[in-house]
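The lines below spell out each chain.
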Amino acid sequence: MATQQPLRNVIVYLTREEAIQVRSALDQLLAITDDAVAEHIHINDSEYRHELTLTIYTKANIDKFDARSRQLLLEES
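Residues numbered from 1 in each chain as written. Predicted model: local features only at pLDDT ≥ 70, side-chain atom pairs only at ≥ 80, totals over all residues. Heavy atoms only, no water.

**Digging into a nonpolar patch on the surface**
Thinking step 1. Nonpolar side chains collect at one region of the surface, where L7, V10, V12 and L14 lie side by side and expose about 380 Å² of accessible area between them.
Thinking step 2. Structurally, V10 is set in the segment before α1 (16-31).
Thinking step 3. Judged by relative accessible area, V10 falls into the exposed class, the value being 55%. (Patch = residues over 30% accessible without salt bridge, like charges linked within 9 Å, V, L, I, M, F, W, Y side chains within 5 Å. Areas by Shrake-Rupley, 256 points an atom, 1.4 Å probe, with all protein chains shown as cover. Salt bridge = Lys/Arg side-chain N within 4 Å of Asp/Glu carboxyl O. Helix = DSSP H or I, 4+ residues; strand = E, 2+ residues; numbered from the N terminus. Buried < 20%, exposed > 50% of the residue type's maximum accessible area, 1.4 Å probe, protein only.)

As structure tokens, this is what we get:
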């Protein structure tokens, strides 16, 4: 598998509890009213073997991300 490549299709399998965590995390991210903030939240399974990182990017905060993330985001826009 090639690394540092954008994913085109993603399937996320969640338990009900994980889905509740994701919904809560998204609510927290959406509550941030400052578009310049690049906050992120990690969701882990119960064994901490898998992690999902959620963030919201905007034109105002894209400079807060690392160079590779900015490149991927700008290429996909």
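**Let's talk about the confidence of the model for the protein**
Thinking step 1. Of all residues in the protein, 95% have pLDDT values of 70 or greater, and the mean over the chain is 89.
Thinking step 2. Per-element averaging of pLDDT across the protein places helix α2 (residues 67-76) at the bottom with 87 and α1 at the top with 94. (pLDDT = per-residue confidence, 0-100.)

**Quick look at the pairing of strand β2 (residues 51-55)**
Thinking step 1. Both strand β1 (residues 40-44) and β2 contribute to a ladder of five bridges, which runs antiparallel. In the sheet register, N44 faces β2, and the bridge partner there is E51. (Pairing = 2+ DSSP bridges.)

**Overview of α1**
Note that an α-helix has 3.6 residues per turn; residues three or four places apart therefore point the same way.
Thinking step 1. With 16 residues, α1 extends 23 Å between its outermost C-alpha atoms, agreeing within 8% with the 22 Å of an ideal straight helix rising 1.5 Å per residue.
Thinking step 2. Among the residues making up α1, those that are buried are E18, V22, A25 and L29. Buried residues of α1 fall within an arc of 65° about the axis and therefore sit on the same side. The outward face of α1, more than 90 degrees from its buried face, is lined by the exposed residues R16, E17, R23, L30 and A31. (Expected span 1.5 Å × (residues − 1). Arc of directions from axis to C-beta.)

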